Amino acid sequence: MRRRTLLTGLTGIAGGLVAAGAEPAVALDRRHVLHVRPGDSVQAAVDAVEGSGWTIVVHPGTYRGVVNVPVGAGELTLRGATRDPRDVVIVYDNANGTQKPDGSGTYGTAGSATFTSAAPGLTVRDLTLANDWLRADHPEITGTQAVAAYVTGDRSYFTNVRLLAHQDTLFADTSALEAFDRHCYSRCYIEGDVDFVFGRATAVFTDCHFNTLARDVEFTPKGMVFAPSTARANPHGFLAVRSRVTSAAEDAVYKLARPWVPSYETTAWPSLVVRDTRIGPGIDPVAPYTNMRDAYPWQSMRFHEYRNTGPGSVITVPENRPQLTATEARLHTPATYLGDWRP
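How each quantity is defined
- Residues numbered from 1 in each chain as written.
- Predicted model: local features only at pLDDT ≥ 70, side-chain atom pairs only at ≥ 80, totals over all residues.
- Heavy atoms only, no water.
- Pairing = 2+ DSSP bridges.
- Helix = DSSP H or I, 4+ residues; strand = E, 2+ residues; numbered from the N terminus.
- Axes fitted to C-alpha atoms, helices over the stretch in contact; angles between N-to-C directions.
- Buried < 20%, exposed > 50% of the residue type's maximum accessible area, 1.4 Å probe, protein only.
- Phe/Tyr/Trp six-rings, centres within 6.5 Å; stacked < 30°, edge-to-face > 60°.

## So, the sheet that holds strand β9 (residues 115-117)
Then, number 1: Strand order in the open sheet formed by 7 strands is β6-β9-β12-β15-β18-β21-β24, with parallel pairing between adjacent strands. Two strands lie at the open edges of the sheet, namely β6 (67-69) and β24 (254-257), each paired on one side alone. The sheet shows a mean angle of 15 degrees between the axes of neighbouring strands, taken without regard to direction.
Then, number 2: Two strands pair when backbone bridges link them, and strand β12 (residues 149-151) and strand β15 (residues 170-172) are joined in this way by 3 bridges, in the parallel orientation. Opposite Val151, over in β15, you have Ala172 as the bridge partner.

Here it is as structure tokens:
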């Protein structure tokens, strides 16, 4: 399904600050709460935040534009006004290869993000973050990564959030190469095709739904769900628990993961544990992992599973599906990954 079709029918189009004489671009009350309504700018509300501990409530509508939360906006909460994340959509359409308006070059992968946050203690809930850039609309662009959310702050918490894009949907990263920033994604829906959950953060996914998209291509695999790039010194990378993996594509045409060893950090040792999760038929059960580059084979990485179910989890070639023992599994829980932080 085309992304723009997916997003139509939602009320309100936000195009920036409202005209003079109308209501203010953001409404402020005395409890450090800002309200954003159709016609307002979410970024204007973020820019109005001074210090930490603010809440931005976004009312139902579609808000077209990028949002950048700076490191100084610590402990910020950004939430939809209703409990249905489909009611509030923040969306834009930059890609890695999109030219910047000032002619200074392209945005790059991180710069393509619709939503970017470096703020520690961020909470995002009850809304949708989307990048609706489409390969078919831009055949001249080869840098097809188009990020919905690029998150780097420690203690970043997303709950009941929809993250929608194609390639590189969620960039769960860290604020510095030496940082072990922690993220928690709870009851989130994340969809895409290539490496659509990737990065170097310590990221826990609990009760999440990962969905691989249909792709009109002849090659397989058509994509991968996870591409962690965990630092070698970090004992904890990505952990998916009590979740599910579904697909809109044919059976067995997607891989569960491949390791990402970035050119700027060739010592990375990607880590992924998928446990207590239902894996649907879209994932290749015989060979669920693949290489991004042959110099860094997945077999040398920290990839493990434990007590998964579903047709995509069937173990037919044991060496292709490393399993944790019960003793090892006790070291791979949300509590051990998040340490003293309880979101």
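Still more to cover.
## Section: unusual backbone geometry
Then, number 1: The omega torsion of the bond from Thr220 to Pro221 falls at 0 degrees, within 30 degrees of zero and hence cis.
Then, number 2: If you check the backbone angles, Glu75 has positive phi at about 60 degrees while not being a glycine.
Then, number 3: Tracing the backbone shows Glu75 in the loop between β6 and β7 (77-80).
Then, number 4: Since its relative accessible area comes to 36%, Glu75 is described here as partly exposed.
Then, number 5: Even without glycine at this site, Ala252 takes up a positive phi of about 65 degrees.
Then, number 6: Take Ala252: it is sitting in the loop between β23 (244-247) and β24.
Then, number 7: Exposure remark for Ala252: the relative accessible area of 35% places this residue in the partly exposed category.

## Points about the packing of aromatic side chains
Then, number 1: Applying the stated criterion to the full structure yields 15 aromatic pairs.
Then, number 2: Ring geometry for Phe205 against Phe238: centres 5.9 Å apart, planes inclined by 80 degrees, an arrangement best described as edge-to-face. Taken together, the residues Phe205 in strand β19 (residues 202-206) and Phe238 in strand β22 (residues 238-241) connect sequence positions 33 residues apart. Phe238 shares its class with Phe205; the two are buried.

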